[in-house]
Amino acid sequence: MHFTVALIDDHVLFRDALRGLLMNQNDLEVVAEASEAGEAYSCIEATKPDVVLMDVGLPGVSGIAACREILRRDPHRRILMLTMHSEEEFVAQAMSAGATGYALKHQPANQVIEAVREVARGQPYLCPRISRFILDDHLRLRRGEPSAAGPCDGLSPREKEIFDLLVRGFTNESIAGQLCISPKTVETHRAHILRKLRVHSMVELIRFAARHGLIRD
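This one's a predicted model, so the numbers in the text were calculated from it and none came from an experiment. (Residues numbered from 1 in each chain as written. Predicted model: local features only at pLDDT ≥ 70, side-chain atom pairs only at ≥ 80, totals over all residues. Heavy atoms only, no water.)

Student: Hey, could you go over the packing of helix α7 (residues 157-167) against helix α10 (residues 202-211) for me, with residue numbers and the actual values?
Tutor: The contact between α7 and α10 brings their axes to 10 Å, and the two run at 100 degrees. Classified by the interaxial angle, the pair formed by α7 and α10 is roughly perpendicular. Touching F163, L166 and V167 of α7 are M202, L205, F208 and A209, all from α10. Considered class by class, the residues forming the contact of α7 with α10 number seven nonpolar, no polar and no charged. (Axes fitted to C-alpha atoms, helices over the stretch in contact; angles between N-to-C directions. Helix = DSSP H or I, 4+ residues; strand = E, 2+ residues; numbered from the N terminus. Parallel < 35°, antiparallel > 145°, perpendicular 65-115°, else oblique. Contact = heavy atoms within 4.5 Å. Nonpolar A, V, L, I, M, F, W, Y, C, P; charged D, E, K, R; others polar.)

Given below as structure tokens:
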């Protein structure tokens, strides 16, 4: 398949580098660029890209507000936020605004490229550093469903993040790197998770996750 992309970012050097990266892919074509929301609306309406790749921190109107306006004009437009902001508040606002995905600028290039493809195909994407629990909650809210009680409700937000990464095969060291905490802190959280979920090993934790449909690709 071939996908078209619009780049919305006010940092010209970053946009130039990203354009070169995407244009080196046989299946991706950059068809529009803009540095602020007003320009973005015009170029997106003119080119109708398969995916809009947009920063959160645009000058004037923020990328999140721009996302909301783009989707008001065309509810089927697919938007991938690409930003430095990994805080849950920004993720929650972007998902509530209707973004299909959320990626971080410090991710490896191959991950960002795959994120573009996922969103272009209409699949939700979330950077591995950010817990899938956040995405699931906001997708439920967008569908008008209440937050469902789940088997991990007793975990704190940070424990849910670590649970999500553990059952996806991340080591303590890689989780520490993803979340910018120490491996010892990860180990402490892991012990709390096992105790709260009443399991006694990683094997049992993975079985628990599989039983409740909580293992993601």
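There's more to say after this.
Student: Before we move on, can you summarise the sheet that holds strand β1 (residues 3-8) with the specific residues and values?
Tutor: Spatial ordering of the open sheet is given by β2-β1-β3-β4-β5-β6, a layout of six strands whose pairing is parallel. Pairing within the sheet leaves two strands with one partner each, and these edge strands are β2 (28-34) and β6 (125-126). Packed on one face of the sheet, helix α2 (residues 37-47) meets β1, β2 and β3 (51-54) and runs near 145 degrees to β2. Across the sheet, helix α3 (residues 63-73) lies against β3 and β4 (79-83), angled at about 170 degrees from β4, the strand it touches most. (Pairing = 2+ DSSP bridges.)

Student: Just give me the short version of the environment of A40, but keep the residues and values in it.
Tutor: Mapped onto the elements, A40 comes out in helix α2. Residues A40 and I8, 32 residues apart in the sequence, show an inter-C-alpha distance of 6.5 Å. With sequence-adjacent residues up to four places away left out, A40 is seen in contact with I8 and A34.

Student: Before we move on, could you go through empty space enclosed by the protein and cite the residues and values that matter?
Tutor: Tallying each qualifying case throughout the model produces one cavity of 30 Å³ or more. Volume-wise, the largest cavity comes out at about 40 Å³. L7, I8, D9, F14, R15, L18, L53, M54, D55 and L82 together form the lining of the largest cavity. When residues of the lining of the largest cavity are traced back to their parent elements, those giving at least two are β1, α1 (12-23) and β3. (1 Å grid on protein atoms, 1.4 Å probe; cavity = no way out; pocket = protein on both sides within 12 Å on 5 of 7 lines; lining within 4 Å. Points joined across faces, edges and corners; volume = space filled by probe spheres on them.)

Student: Requested: an account of the environment of H192, with residues and values cited.
Tutor: Within the secondary structure layout, H192 lies in helix α9 (residues 183-196). Once the C-alpha coordinates of H192 and L155 are considered, the two residues, 37 residues apart in sequence, prove to be 8.6 Å apart.

Student: Just give me the short version of the packing of α2 against α3, but keep the residues and values in it.
Tutor: Where α2 contacts α3, the two axes come as close as 10 Å, and the packing angle between them is 30 degrees. Here α2 is positioned roughly parallel relative to α3, judged by the angle of their axes. Crossing of α2 over α3 shows right-handed handedness. Counting all contacts with α2, which are made through A37, Y41, I44 and E45, the residues of α3 involved are A65, A66, E69, I70 and R73. Per-class residue counts for the contact of α2 with α3 are six nonpolar, no polar and three charged. (Left-handed = near helix turned anticlockwise from the far one by under 90°.)

Student: Give me the lowdown on the packing of aromatic side chains, citing residues and values where you can.
Tutor: A complete count under the given rule lists one aromatic pair for this structure. Measuring from centroid to centroid gives 6.4 Å for F163 and F208, while their planes differ by 90 degrees, and the two rings are edge-to-face. On the criterion of sequence distance, the pair formed by F163 in helix α7 and F208 in helix α10 is long-range, its members being 45 residues apart. Residue class for F163 comes out buried when judged on its relative accessible area of 0%. (Phe/Tyr/Trp six-rings, centres within 6.5 Å; stacked < 30°, edge-to-face > 60°. Buried < 20%, exposed > 50% of the residue type's maximum accessible area, 1.4 Å probe, protein only.)

Student: How would you sum up the pattern of salt bridges? Please name residues and give values.
Tutor: Enumeration over the complete set of coordinates arrives at 15 salt bridges. A salt bridge links R73 to E45; the shortest N-O distance between them is 2.7 Å. Here E45 lies in helix α2 and R73 lies in helix α3, a separation of 28 residues in the sequence. Several salt bridges share partner residues, and in doing so they unite R15, D16, R19 and E33 into one network. (Salt bridge = Lys/Arg side-chain N within 4 Å of Asp/Glu carboxyl O.)

Student: For unusual backbone geometry, give the residues involved together with the corresponding values.
Tutor: Residues other than glycine predominantly adopt negative phi, and peptide bonds predominantly adopt the trans conformation. If you check the backbone angles, K48 has positive phi at about 50 degrees while not being a glycine. Overall, the relative accessible area of 55% leaves K48 in the exposed class. Its identity is not glycine, yet R198 carries a phi of approximately 60 degrees, on the positive side. Taking the relative accessible area as the measure of exposure, R198 reaches 75% and is therefore exposed.

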